Amino acid sequence: GFHSKMNGIVEKVDRQRKKIIELKKSREETMAQLLKAREDQKTNYEQRLQVEVEKLRSQTNGDLEQIKINAKEMFERERRSLIDARDSAAHELDRTRAKLTESKQSYNQLM
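An account of the overall build of the protein chain is needed here, citing residue identities and associated values.
The number of helices and strands found in the protein chain is one helix and zero strands. For 111 residues, the compact-globule formula gives about 13 Å, and the C-alpha radius of gyration of the protein chain, at 47 Å, lies well above that figure. The principal-axis extent of the C-alpha atoms belonging to the protein chain is close to 160 × 10 × 5 Å. Counting across all 111 residues of the protein chain, residues that qualify as buried make up 0%. Carbon and sulfur atoms provide 57% of the accessible area of the protein chain, an area that totals close to 10,900 Å². With 25 positive and 20 negative side-chain charges, the protein chain shows a separation of 10 Å between the mean positions of the two kinds.

Conventions we followed
Residues numbered from 1 in each chain as written. Predicted model: local features only at pLDDT ≥ 70, side-chain atom pairs only at ≥ 80, totals over all residues. Heavy atoms only, no water. Helix = DSSP H or I, 4+ residues; strand = E, 2+ residues; numbered from the N terminus. Rg over C-alpha atoms; globule rule 2.2 N^0.38 Å. Buried < 20%, exposed > 50% of the residue type's maximum accessible area, 1.4 Å probe, protein only. Areas by Shrake-Rupley, 256 points an atom, 1.4 Å probe, with all protein chains shown as cover. Lys, Arg positive; Asp, Glu negative; His and termini not counted. Charge placed at Lys NZ, Arg CZ, Asp CG, Glu CD.

The following block contains the structure:
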């Protein structure tokens, strides 16, 4: 009777104790897995972010380089245009001076 009931209760308490220990161990393992998953997720996010930042940096550098090239080409075109305009004006000045000299000579011959 009594000893048999006591043994049954002790066995039940032992089983419950073992179950509690197993549950605690399972909880710790689950928490460790969760922490690892969070850390992995954070690492993956940071890596993707780094890739995006590098892509943007590369694109920006390329854009800046293209702007420099375009500005240099535009400056060169403008410089050539100004040189052509100067040469044209100098040529026109020479023609005008020649006409003036010719006109003076003609005038002097008439006088």
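Now that the structure is up, let's keep going.
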